[in-house]
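Secondary and tertiary structure notes
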Amino acid sequence: MNIERVTTGIKGLDGMLGGGFLRDTANLVEGAPGTGKTTLGMQFIYNGIVQANEPGLIITFEEFPKQYYRDAAAFGWDFYDLEKKGLLKIIMTSPEVSRMDIESVGGMIETYIAQMGARRVVVDSMTHFGRLTEDAIELRGIEFNFINALKREGLTSILTRESPVLLGEAPQDDNLGFVVDSYLMLRYVEIESAIRKALLVLKMRGSDHAKDIRQFDVTEHGFEVQSKFEGQEGILSGSPRRMADSFVEAFIKSK
Amino acid sequence: MAPSGDDFTARLMDDMDPVLLDFVKTKVNSFIKWDLVRFFYENPHTADTVENIAKYAGRNVTAVEPELEDLVESGIMEKRLLDSTPIYSLATDDEMRALVDKFILACEDRHFRVKAVYHIIRGMR
């Protein structure tokens, strides 16, 4: 069976995803502040418009749209112009309003999608849904409904989520991780007194994907995935060790 | 008879595009409305409750709510109900959007801003 892919157009990422995200899926990108979640999302939308002729929406719950216009311009992406052409809309709202809106018939988001023929959406960030309820089961239900509404509208989505820690593994009450179709983790890693960034595709429902942990960077061209970390282990701990050191520790010092 | 100082200033300040003069006198006639109009101009697809809009504007709800209602009344903003919660957004009417654009662009000129501030303060007396 031929599975339809939605390419991100991001160097190195589509290869890790087996060709791209699957059509009409919800894809979680989780990372600490500054790791590049929003840049990845903006690039997914921008490339969708200019490379795949797929209009897109950005739904933001915290960062003002004018910041997106400015940040995008730094990469050479003219979001003002795309909005004028009706190919992009950056909607500032709150989780409670977006939820009520998308669950209603003929709401603002549904209308925009129909008018623009939108195929992609970035929701930045899902972390804010946590303020709707303290009940984990209820929150899972809310997130599940919201994601299903995006799929109902034929949207392939990137949902960002903030990681509460800068380095190392983040303890999360991870209902959302179960609800989404794929799960990408962005992490800071300290190697030889320098901070680098690591990307892992933790899960991808219905598709094979790369299992290795890759380095990535946000350059003047946007998000770029690079080679995998060679000769290191414990990357996700935030403080990896050389594999030889851990070998010595495990097999020689323990004797 | 020579005009009084106040009359002279008023005439000087009335030297504005009549459309914008009317806009300032009848629609954006407070500093909070001015801030709100600028915010929605810069973030045109914002749609939210009064509580959240007040947060975005860095002001309190009691100050923002009547101003938003005035902006709805004057056609700059739109209000709709979602599950009986009022949601505010910038009017989609092209003519009104063009007027808002014209006002914000005019505000880039310092002389225009001084005149607009004068009329707002005068209207508050």
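Right, let's walk through the structure included here. (Residues numbered from 1 in each chain as written. Chains lettered and ligands numbered in written order. Predicted model: local features only at pLDDT ≥ 70, side-chain atom pairs only at ≥ 80, totals over all residues. Heavy atoms only, no water.)

Attention now goes to the overall build of chain B. Within chain B, the secondary structure is distributed over 7 helices and 3 strands. The 125 residues of chain B split such that 45% are buried. With the model as given, the accessible surface of chain B reaches about 6,800 Å², and the carbon-plus-sulfur share is 53%. (Helix = DSSP H or I, 4+ residues; strand = E, 2+ residues; numbered from the N terminus. Buried < 20%, exposed > 50% of the residue type's maximum accessible area, 1.4 Å probe, protein only. Areas by Shrake-Rupley, 256 points an atom, 1.4 Å probe, with all protein chains shown as cover.)

Further remarks concern the sheet that holds strand β3 (residues 85-90) of chain B. Residues and elements named next belong to chain B. Strand order in this open sheet of 3 strands is β1-β3-β2, and the pairing throughout is antiparallel. Both edges of this open sheet fall to β1 (47-48) and β2 (77-82), since each of them pairs with a single strand only. Where β1 and β3 come together, 2 bridges link them in antiparallel fashion. Each residue of the ladder has a partner; that of Ala47, found in β3, is Ser89. (Pairing = 2+ DSSP bridges.)

Residues and elements named next belong to chain A. Topologically, Thr156 is positioned in strand β7 (residues 156-162). Classification of Thr156 as buried rests on a relative accessible area of 0%. One polar contact links the side chain of Thr156 to the main-chain amide nitrogen of Asp24, over a distance of 2.9 Å. (Polar contact = N/O pair within 3.5 Å; in protein donor to acceptor, adjacent residues only side chain to side chain.)

Each aromatic ring pair is characterised by the separation of its centres together with the angle its planes make. Residues and elements named next belong to chain A. Tallied over the full model, the rule gives 16 aromatic pairs over all chains. Aromatic side chains Phe216 and Phe223 sit 4.6 Å apart centroid to centroid with 15° between the ring planes, which places their arrangement in the stacked category. Each member of the pair Phe216 and Phe223 is classed as buried. Across the ring face of Phe44, the terminal group of Arg120 is positioned such that the distance to the ring centre comes to 4.6 Å. (Phe/Tyr/Trp six-rings, centres within 6.5 Å; stacked < 30°, edge-to-face > 60°. Lys NZ or Arg CZ within 6 Å of the ring centre and 35° of its normal.)

Here we come to the layout of surface pockets. Rolled over the atoms, a probe with the dimensions of a water molecule shows which regions are left empty. In this model, the largest pocket occupies a volume close to 580 Å³. At the level of elements, α4 (79-84) of chain A together with α3 (31-42) and α6 (94-106) of chain B are the ones that each hand at least two residues to the lining of the largest pocket. Of the residues assigned to the lining of the largest pocket, the class counts are 9 nonpolar, 2 polar and 7 charged. (1 Å grid on protein atoms, 1.4 Å probe; cavity = no way out; pocket = protein on both sides within 12 Å on 5 of 7 lines; lining within 4 Å. Points joined across faces, edges and corners; volume = space filled by probe spheres on them. Nonpolar A, V, L, I, M, F, W, Y, C, P; charged D, E, K, R; others polar.)

Here we take up the pairing of strand β8 (residues 182-191) of chain A. Residues and elements named next belong to chain A. Most of β8 is tucked away: 9 of the 10 residues are buried. With 5 bridges connecting them, strand β3 (residues 26-31) and β8 associate as parallel partners. Its bridge partner lying in β8, Glu30 is registered against Met185. Where β8 and strand β9 (residues 194-204) come together, 10 bridges link them in antiparallel fashion. Of the residues in β9, the one forming a bridge with Leu186 is Leu199. The hairpin turn running from β8 into β9, its antiparallel successor, is 2 residues long, and Glu192 in that turn takes a positive phi close to 50°.

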